[in-house]
Amino acid sequence: MNVDQSEISKFSALAHQWWCEDGEFKTLHQVNPLRVQFVEECADGLAGKNILDVGCGGGILAESMARKNAKVTGIDLAEASLKVARLHLLESELEVDYQCIAVEDMAEKSPFSFDVVTCMEMLEHVPDPVSVIQACAALAKEDSWVFFSTLNRNIKSYLLSIVAAEHVFKMIPKGTHRYDKFIKPSELIDAAGKFGLTPVKIKGIHYNPLTQKFSMGGNADVNYIVAFKKQA
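Here the structure is a predicted model, which is why all the values come from computation and not from measurement.

## Some remarks on the overall build of the protein chain
Part 1: Each helix and strand in the protein chain was counted, giving eight helices and eight strands.
Part 2: The C-alpha radius of gyration computed for the protein chain amounts to 16 Å, which stays within 12% of the reference 17 Å derived for 232 residues, consistent with globular compactness.
Part 3: Across its three principal directions, the C-alpha atoms of the protein chain cover 45 × 40 × 35 Å.
Part 4: Every one of the 232 residues in the protein chain was classed for burial, and the buried ones make up 53%.
Part 5: Partitioning the contacts of the protein chain with sequence separation of at least 6, the portion at a separation of at least 24 is 69%.
Part 6: For the protein chain, the accessible surface area stands at approximately 10700 Å², while carbon and sulfur atoms represent 52% of it.

Structure (structure tokens):
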């Protein structure tokens, strides 16, 4: 299976923190509205759409899309995170179908099933990111949308996402990222193109330590998100 057990263990140990907005996943809560807005604008609305969130964790993004009246399925291999996600539905009173299944297995089971597929901050945590890209493409319907967010691989990204974020500002737990797992936009676009995905829009995601706020812009030097359209 395309999984790094150490990554599963790492996120499982932090599972109780998923919905603590000032805890270990604070940055995910802060950046989530920007991601939802980007997906919604590209996909021309989310209401009524059948959406798959790959690597959904505790359900931060999945719930936000369900709140937009989308039909959302969230998949992850960390059962501890999924338990937290399911419990949180009791509080939010939303509907999300959470499943503990690998994206590759999901692609075999339900190909061409989703209007939107999102895969945020996951590619840099698996042994074979191309396998995940291929599976996400297979799960998307023709003329639908696939979104990936990940980290660029360069010295600036290393300094900001690892040295600054993990060690200086302590925004995220130490050891969250490995620089050798970072993916350049050109590498992501080339891999996605082999499976019928055409890039439509790319945005950088930036953090201002003075205002402690995230924003989106054209610079994809560090964290970035790409919207792909699956060719009909």
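## A short note on the layout of surface pockets
Take a probe with the size of a water molecule and roll it over the atoms, and the empty space left behind shows itself.
Part 1: As a volume, the second largest pocket reaches approximately 190 Å³.
Part 2: Lining the second largest pocket are Trp19, Glu21, His29, Asn32, Pro33, Val36, Ile60, Glu63, Ser64, Arg67, His88 and Ser92.
Part 3: Here the lining of the second largest pocket gets four residues from one element, more than from any other, and that element is helix α2 (residues 26-42).
Part 4: Of the residues belonging to the lining of the second largest pocket, the class tally is four nonpolar, five polar and three charged.

## Section: the nonpolar core
Part 1: Of all hydrophobic cores here, the largest spans 31 residues; its most connected members are Val54, Val117, Cys136, Phe148 and Leu188.
Part 2: When residues of this core are traced back to their parent elements, those giving at least two are β1 (50-54), α5 (103-109), β4 (114-120), α6 (129-139), β5 (140-151), α8 (185-193) and β8 (223-230).
Part 3: Sort the elements by how many residues they give to this core and α6 lands first, with six residues.
Part 4: Residues in contact with Val117, not counting those within four places in the same chain, are Leu52, Val54, Cys136, Leu139, Ala140, Trp145, Val146 and Phe147.

## Quick look at the sheet that holds β1
Part 1: Strand order in the open sheet formed by eight strands is β3-β2-β1-β4-β5-β8-β6-β7, and the pairing between neighbours is mixed. Only two strands of the sheet have a single neighbouring strand rather than two, namely β3 (96-99) and β7 (213-217). Ignoring which end each strand starts from, the neighbouring axes of this sheet average 20° apart.
Part 2: Inspection of the sheet shows β4 paired to β5 by six bridges, in the parallel sense. Pairing of Met120 across the sheet is with Ser149, part of β5.

## A word on the pattern of salt bridges
Where charged atoms of side chains with opposite charge meet at close range, the side chains can pair.
Part 1: This structure, assessed with the given rule, holds nine salt bridges.
Part 2: Between Lys68 and Glu40 there is a salt bridge, with its nearest N and O atoms 3.4 Å apart. Of this pair, Lys68 sits in the loop between α3 (60-66) and β2 (71-75) while Glu40 sits in helix α2, placing them 28 residues apart in sequence.
Part 3: Since its relative accessible area comes to 33%, Lys68 is described here as partly exposed.
Part 4: For Asp180, the salt bridge is made with Arg178, and the minimal N-O distance between the two is 2.7 Å.

Rules behind the numbers
Residues numbered from 1 in each chain as written. Predicted model: local features only at pLDDT ≥ 70, side-chain atom pairs only at ≥ 80, totals over all residues. Heavy atoms only, no water. Helix = DSSP H or I, 4+ residues; strand = E, 2+ residues; numbered from the N terminus. Rg over C-alpha atoms; globule rule 2.2 N^0.38 Å. Buried < 20%, exposed > 50% of the residue type's maximum accessible area, 1.4 Å probe, protein only. Contact = heavy atoms within 4.5 Å. Areas by Shrake-Rupley, 256 points an atom, 1.4 Å probe, with all protein chains shown as cover. 1 Å grid on protein atoms, 1.4 Å probe; cavity = no way out; pocket = protein on both sides within 12 Å on 5 of 7 lines; lining within 4 Å. Points joined across faces, edges and corners; volume = space filled by probe spheres on them. Nonpolar A, V, L, I, M, F, W, Y, C, P; charged D, E, K, R; others polar. Core = buried A, V, L, I, M, F, W, Y, C linked by side-chain atoms within 4.5 Å. Pairing = 2+ DSSP bridges. Axes fitted to C-alpha atoms, helices over the stretch in contact; angles between N-to-C directions. Salt bridge = Lys/Arg side-chain N within 4 Å of Asp/Glu carboxyl O.

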